[in-house]
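Below, each chain spelled out in residue letters.
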Amino acid sequence: MTTDRRDRILNLLYPVGGGQLDAAHLGQVCVTATGVTGAGLMLMSGEFPRGSVAATDATSTLIEDLQFSLGEGPCIDAYRLDQPVLEPDLANPSIVRWVAFTPPAVEAGARSVFGFPLQVGSVRLGALNLYCDRPMDLTDDQHASALVAAEIAAHALLIMQARAPLGILAAELEASSNFQYVVHQAAGMVSAQLDVSVAQALIRLRGYAFGQGRLLADVARDVVDRRLRFGDGRDPV
Amino acid sequence: MWSIGACASVTGGTRCDTPHSNLAPGAYYSRGGSADPPAAIEPRTTIRKRAQVATRDVVTRTMVELADTLVDDFDVVDLLTLLTDRCVEAFDVEAAGLMLAAPVGGKLQVMASSTSTMRDLELYEIQSSDGPCIECYRTGLAVSDQNLDTTAQRWPLFTPAAKDAGFRSVSAVPMRLRTTTIGALNLFRTSNTRFSASDQAGAQAFADVATIAILQHRAAFDAQALNEQLNHALNSRILIEQAKGRLAERAGIDVNEAFDWFRAYARSHNLRLVDVAQAFLDAQLTSASLKSSSPGR
């Protein structure tokens, strides 16, 4: 049964006649395999989200961006807890788990969200995020498919990176990714503005974005484009 | 992680220090204590029966030991040494040796041997590319109980060397998972006693457990290394973005121009971009010195 499922998902990933193995395709395979509305693949390291390598639609993109900005959400919990995290009714959850993440995610159309760790053996890479545009529990079949899809996705991501030269991110990973480079540029700028470390500057940026109810990347863009400055007496925080 | 160099530490000494070759294995391993009569006056059938029970005990115990070894961070050389030692006990052979193909390149290495004579012989097998272990690895098929008086044509180089070392018969089982053969386990006898089909099956079971363990270990190690590689690549990129931002702010330029300054400095000083970025973030390099190498200076 599991072997059939794995074969079916691998056939989606490597269609007859060949096809491009890249992160965007991988995200699409996760959607097809599980029958949900959209999927995203988030890389994490330590406790922090590093960025998204794939998101299949605008809502998935926002789900990934929100988690990156806020440091909370189904992917981040799935990664930290090392187990699937299921929220079948995001608008009316039995326990509110993600105070900041939930309202904008619901507004964007995510009514159920599911996080699955991306893992190879004991190595954790991040999490697979699935969402549906209506409240629903995953069926046993969907749940089993999601587990296998996450396992295959984790392997596939490592295989993509294995082909890249040392120290360089694989092009197949980079193509559809959003590693939020603008946020790191802004952190560098704010570190000079406030004369603090880059890590401290990033905390200030996060705090500001949260206070304004904006995405971290949007605030960062304002800093890089010099529409927003920190530490000149008119400190925005 | 296993390495070629690690072999020396486990193969240096003689491990054949138990007097099993003179005793029925049952006598040596019986748990009956002092009440047991001397083995010599027992009927032969009883000895054989006890030997079989004892062999099963060793096999069971070894399986448990192997399973215990397979924790997160086990040492492959330790595992294989345990395996060859237990083969000697369980199957009443005088020596056991194990070869593994390197994960990259496939070159065979002696990974564990129960005696130093065995080790020399295995090294000779690899050098001369001739012998039961080599054949077993190449074909992926077991070599069952070959009397060395009959193998001069099959292994022209190996046979005389093995006889010189005092061995009379050999067996080998592949370390194989489905279509992948990663090595072979060799069992040698100095007597003409037969290596039974159940001994062969037992040896294969040992080899199977070790094979799965090694393949899983390798896969986990590969994943770990690749994930580190991925994080390293991402960290380098993030560091450069941070440095671009800080330089842009310090020098009053935009981030693209900041990148050009870093790149020009790295080129003219023959440094890696990421190292230049790190030096700037660590305040070991000023924006003034970066500017001095900049394209538009």
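Everything numeric here is computed off the predicted structure, so don't read it as measured data.

**Quick look at the overall build of chain B**
Phase 1: Broken down by element type, chain B carries eleven helices and five strands.
Phase 2: The burial tally for chain B puts 47% of its 297 residues in the buried class.
Phase 3: A fraction of 61% describes how many contacts in chain B between residues 6 or more apart in sequence connect residues 24 or more apart.
Phase 4: Of the accessible surface of chain B, which amounts to about 14,500 Å², a share of 51% is contributed by carbon and sulfur atoms.

**Examining the overall build of chain A**
Phase 1: Helix and strand counts for chain A stand at ten helices and five strands.
Phase 2: Of all 237 residues assigned to chain A, the portion counted as buried reaches 53%.
Phase 3: Contacts in chain A between residues far apart in sequence, at least 24 positions, make up 59% of those at least 6 positions apart.
Phase 4: As displayed, chain A offers around 10,000 Å² of accessible surface, 53% of which is attributable to carbon and sulfur atoms.

**Focus on the side chain of B:Glu125**
Residue and element names in this part refer to chain B.
Phase 1: By the element assignment, Glu125 lies in helix α5 (residues 116-128).
Phase 2: There is no salt bridge for the buried Glu125, and the closest opposite charge comes from Arg138, which lies 9.1 Å off by N-O distance.
Phase 3: Sequence-distant contacts of Glu125, that is, excluding residues within four places in its chain, are made with Met99, Asp130, Gly131, Pro132, Cys133, Ile134, Phe158, Asn186 and Phe188.

**Here's the deal with the packing of helix α8 (residues 181-194) of chain A against helix α9 (residues 198-212) of chain A**
Two quantities define a packed helix pair, namely the angle between the helix axes and the distance between the axes.
All names here are of chain A.
Phase 1: At a closest axis distance of 8 Å, the pairing of α8 and α9 adopts a crossing angle of 105°. Taken together, the axes of α8 and α9 lie roughly perpendicular to each other. Contact residues: α8 offers Val183, Ala186, Ala187, Gly188, Val190, Ser191 and Leu194, while α9 offers Val198, Ala201, Leu202, Arg204 and Leu205.
Phase 2: Of the residues that constitute the contact of α8 with α9, the class distribution is nine nonpolar, two polar and one charged.

**Regarding helix α10 (residues 216-224) of chain A**
What sets the pattern is the α-helix's 3.6 residues per turn: residues three or four places apart point alike.
Phase 1: Counting buried positions along α10(A) gives seven out of nine residues, so the element sits mostly inside the fold.
Phase 2: Within α10(A), burial applies to A:Leu216, A:Ala217, A:Val219, A:Ala220, A:Asp222, A:Val223 and A:Val224.
Phase 3: Packed against the buried residues of α10(A) are α3 (58-70), α8 and α9 of chain A together with α9 (255-268) of chain B.
Phase 4: Phi turns positive, to about 60°, at A:Arg226, one or two residues after α10(A).

**Some remarks on the sheet that holds strand β5 (residues 180-189) of chain B**
Residues and elements named next belong to chain B.
Phase 1: Strand order in the open sheet formed by five strands is β2-β1-β5-β4-β3, with antiparallel pairing between adjacent strands. Each end of this open sheet is capped by a strand with a single partner; those strands are β2 (108-113) and β3 (143-147). Averaged over neighbouring strand pairs, the angle between their axes works out to 20° when direction is ignored.
Phase 2: Bridge count for strand β4 (residues 169-177) against β5 is nine bridges, and the pairing is antiparallel. Across the sheet, Leu177 pairs through a bridge with Thr180, a residue of β5.
Phase 3: Running over the sheet, helix α6 (residues 132-139) touches β1 (95-101), β2, β3, β4 and β5 and is turned about 155° from β5.

**Some points on the packing of aromatic side chains**
Phase 1: Across all of its chains, the model carries eight aromatic pairs over all chains by this definition.
Phase 2: On the basis of an interplanar angle of 40° and a centroid distance of 6.2 Å, the ring pair of A:Phe179 and A:Tyr181 is categorised as tilted.
Phase 3: Here the aromatic residues B:Trp155, B:Phe158, B:Phe167 and B:Phe188 are joined through ring pairs into a cluster of three or more.
Phase 4: Sitting above the plane of the A:Tyr181 ring, B:Arg237 keeps its charged end 3.7 Å from the centroid.

**Points about the environment of B:Val209**
All names here are of chain B.
Phase 1: Of note, Val209 is situated in helix α8 (residues 197-251).
Phase 2: With a relative accessible area of 24%, Val209 lands in the partly exposed category.
Phase 3: Along the backbone, Val209 and Leu83 are 126 residues apart, and their C-alpha atoms lie at a distance of 9.8 Å.

**What about the packing of α9(B) against helix α10 (residues 273-281) of chain B?**
All names here are of chain B.
Phase 1: Between α9 and α10, the shortest axis-to-axis distance is 9 Å and the interhelical angle comes to 115°. Classified by the angle between their axes, α9 and α10 sit roughly perpendicular to one another. Seen along the crossing, α9 lies across α10 with a hand that is right-handed. Counted together, Phe259, Phe262, Arg263, Tyr265 and Ala266 of α9 and Leu273, Val276, Ala277 and Phe280 of α10 form the full contact between these two elements.

**Comments concerning unusual backbone geometry**
Phase 1: A positive phi angle, close to 55°, is found at A:Gln180, a residue other than glycine.
Phase 2: Relative to the elements of secondary structure, A:Gln180 occurs in the loop between α7 (171-174) and α8.
Phase 3: In this structure A:Gln180 comes out as buried when scored by relative accessible area, which is 4%.
Phase 4: Unlike most non-glycine residues, B:Ser129 shows phi in positive territory, near 55°.
Phase 5: If you trace the backbone, B:Ser129 turns up in the loop between α5 and α6.
Phase 6: Looking at B:Ser129, the relative accessible area reads 34%, which means it is partly exposed.

**Notes on the side chain of A:Arg50**
Phase 1: For A:Arg50, the position within the fold is in strand β2 (residues 48-55).
Phase 2: At 11 Å, A:Glu174 is the nearest oppositely charged side chain to A:Arg50, a buried residue that forms no salt bridge.
Phase 3: At 3.3 Å, the side chain of A:Arg50 and the side chain of A:Ser45 are in polar contact.
Phase 4: Only 3.4 Å separates the side chain of A:Arg50 from the side chain of B:Asn231, close enough to count as a polar contact.
Phase 5: Among all residues touching A:Arg50, those that are not within four sequence positions of it are A:Leu43, A:Met44, A:Ser45, A:Phe68, A:Phe179, B:Asn231, B:Leu234, B:Asn235 and B:Ile238.

**Focus: the interface of chain A and chain B**
Phase 1: With 33 residues of chain A at the interface, the matching set in chain B holds 27 residues.
Phase 2: If you look at where chain A meets chain B, you find two salt bridges.
Phase 3: Salt-bridge contacts for A:Glu174 lead to B:Arg237; the nearest nitrogen and oxygen are separated by 3.7 Å.
Phase 4: Across the chain A-chain B interface, the total number found is nine residue pairs in polar contact (both at pLDDT 80 or more).
Phase 5: Breaking the side of chain A that touches chain B down by element, the ones donating at least two residues are β1 (38-45), β5 (123-132), α6 (140-162), α7 and α8 of chain A.
Phase 6: Taken together, the residues of the side of chain A that touches chain B sort by class into 18 nonpolar, nine polar and six charged.

Rules behind the numbers
Along each chain, the written sequence defines residue order, and numbers are assigned to residues from 1. Lettering for chains starts from A, numbering for ligands starts from 1, and both go in the order in which the items are written. Per-residue local features are limited, in this predicted model, to residues with pLDDT of at least 70; the limit for side-chain atom pairs, both in listing and counting, is 80 or more; totals at the level of whole chains, interfaces and linings are taken over all residues. Calculated side-chain values reflect all of the structure's heavy atoms, with hydrogen atoms and water omitted. Runs of H or I in DSSP of at least four residues are treated as helices and runs of E of at least two as strands, each being numbered from the N terminus. The buried label goes to any residue with under 20% of its type's maximum accessible area, the exposed label to any with over 50%, and the partly exposed label to all in between, with areas taken from a 1.4 Å probe on protein chains only. Contacts are assigned to residue pairs with any non-hydrogen atoms lying within 4.5 Å of each other. Here the Shrake-Rupley method, with its probe set to 1.4 Å, supplies the accessible areas, and only the displayed protein chains count as covering residues. Charge convention: Lys and Arg are scored as positive, Asp and Glu as negative, and His as well as the terminal groups of each chain are ignored. The term salt bridge refers to a side-chain nitrogen of Lys or Arg lying within 4 Å of a carboxyl oxygen of Asp or Glu. The axes used here are C-alpha line fits, helices contributing only the stretch in contact, and every angle between their N-to-C directions lies in the interval 0 to 180 degrees. Any angle from 65 to 115 degrees is called roughly perpendicular, while one under 35 is roughly parallel, one over 145 is roughly antiparallel, and all others are oblique. Lys, Arg, Asp and Glu make up the charged group, whereas Ala, Val, Leu, Ile, Met, Phe, Trp, Tyr, Cys and Pro make up the nonpolar group; the residues left over, Gly among them, are polar. Pairs of strands are assigned from DSSP output, requiring at least two bridges between the strands. Stacked, tilted and edge-to-face pairs are distinguished by plane angle, under 30 degrees for stacked and over 60 for edge-to-face with tilted covering the rest, among Phe, Tyr and Trp rings (Trp via its six-membered ring) whose centres lie within 6.5 Å. A ring is considered to have a charge above it if a Lys NZ or an Arg CZ atom is located within 6 Å of its centre and within 35 degrees of its normal. Should the near helix be turned anticlockwise from the far one by less than a right angle, the crossing is termed left-handed; should it be turned clockwise, right-handed. Contacts described as polar in this section are N or O atom pairs within 3.5 Å, which, within protein, must combine one atom able to donate a hydrogen with one able to accept it, while residues neighboring in sequence count only if both atoms come from side chains.

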